[in-house]
Amino acid sequence: MERTLSIIKPDGVERGLVGEVITRFEKAGIRIAAMKMRHLTKKEAEAFYAVHRERPFFDSLTTYMSSGPVVVMVLEGDQVIQKNREIMGATNPADAAPGTIRKDFALDVEKNTVHGSDAPETAQKEIAFFFSELEICS
Ligand code: RTP
Ligand code: MG
């Protein structure tokens, strides 16, 4: 049993895609173990995406991620990190496979509707960024 952090980004919340995204996870047999809505500050977005601070898109990304509320979830299931990445599709919707969230909904490479942890170590760090163990219903 594995855990991953999922975020429905501001473009997804704003366009009313919360239910659609959650339905895709549930239909894939993924369990939601925790969920909350947050409007990140710019500083919080910068801390969350600290690994990208040297990247040219860092300022734009963190401005965007703090531009409106997001829905943050802990997903639980067998190989859920990889499974969630597959359901999301490639970072750039132009490269995303048909039937993925990003292919169907993402606006561009930045406003790409969802985030998902990319490895067990980052999943653990990202979950701890938003949730205490008491808030997670395993
Ligand atoms: P995420 O972390 O959000 O799940 O997405 P990812 O692993 O597929 O992509 P990553 O390389 O970690 O990039 C994080 C987020 O930064 C934005 N981005 N913008 N302008 C650009 O070229 C660019 N590249 C990435 C996207 O919002 C991406 O999800
Ligand atoms: Mg990433």
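Residues numbered from 1 in each chain as written. Chains lettered and ligands numbered in written order. Predicted model: local features only at pLDDT ≥ 70, side-chain atom pairs only at ≥ 80, totals over all residues. Heavy atoms only, no water.

Within the chain, the secondary structure is distributed over seven helices and four strands. Relative to the 2.2 N^0.38 estimate, which gives 14 Å for 138 residues, the radius of gyration of the chain is 14 Å and therefore close to what a compact globule would have. Along the three orthogonal principal directions, the C-alpha set of the chain runs to about 35 × 35 × 25 Å. Counting across all 138 residues of the chain, residues that qualify as buried make up 46%. Within the chain, contacts between residues separated by at least 24 positions form 76% of all contacts whose residues are at least 6 apart in sequence. Of the roughly 7200 Å² that the chain leaves accessible, carbon and sulfur atoms contribute 54%. Counting 18 positive and 21 negative side-chain charges, the chain places the centres of these two groups 1 Å from one another. (Helix = DSSP H or I, 4+ residues; strand = E, 2+ residues; numbered from the N terminus. Rg over C-alpha atoms; globule rule 2.2 N^0.38 Å. Buried < 20%, exposed > 50% of the residue type's maximum accessible area, 1.4 Å probe, protein only. Contact = heavy atoms within 4.5 Å. Areas by Shrake-Rupley, 256 points an atom, 1.4 Å probe, with all protein chains shown as cover. Lys, Arg positive; Asp, Glu negative; His and termini not counted. Charge placed at Lys NZ, Arg CZ, Asp CG, Glu CD.)

Moving on, we come to the site of ligand 1. Looking at ligand 1, there are 13 residues lining it, with Lys-9, Thr-91, Glu-110, Asn-112 and His-115 nearest. Between an oxygen atom of ligand 1 and a side-chain N or O atom of His-52, the distance comes to 2.9 Å. Residue Thr-91 places a side-chain N or O atom 2.4 Å away from an oxygen atom belonging to ligand 1. Applying the majority rule of atoms within 2 Å of the grid points places ligand 1 in the largest pocket. Looking at the shell around ligand 1, its residues break down into four nonpolar, five polar and four charged. (Near = heavy atom within 4 Å. Polar contact = N/O pair within 3.5 Å; in protein donor to acceptor, adjacent residues only side chain to side chain. 1 Å grid on protein atoms, 1.4 Å probe; cavity = no way out; pocket = protein on both sides within 12 Å on 5 of 7 lines; lining within 4 Å. Sits in = over half its atoms within 2 Å of the grid points. Nonpolar A, V, L, I, M, F, W, Y, C, P; charged D, E, K, R; others polar.)

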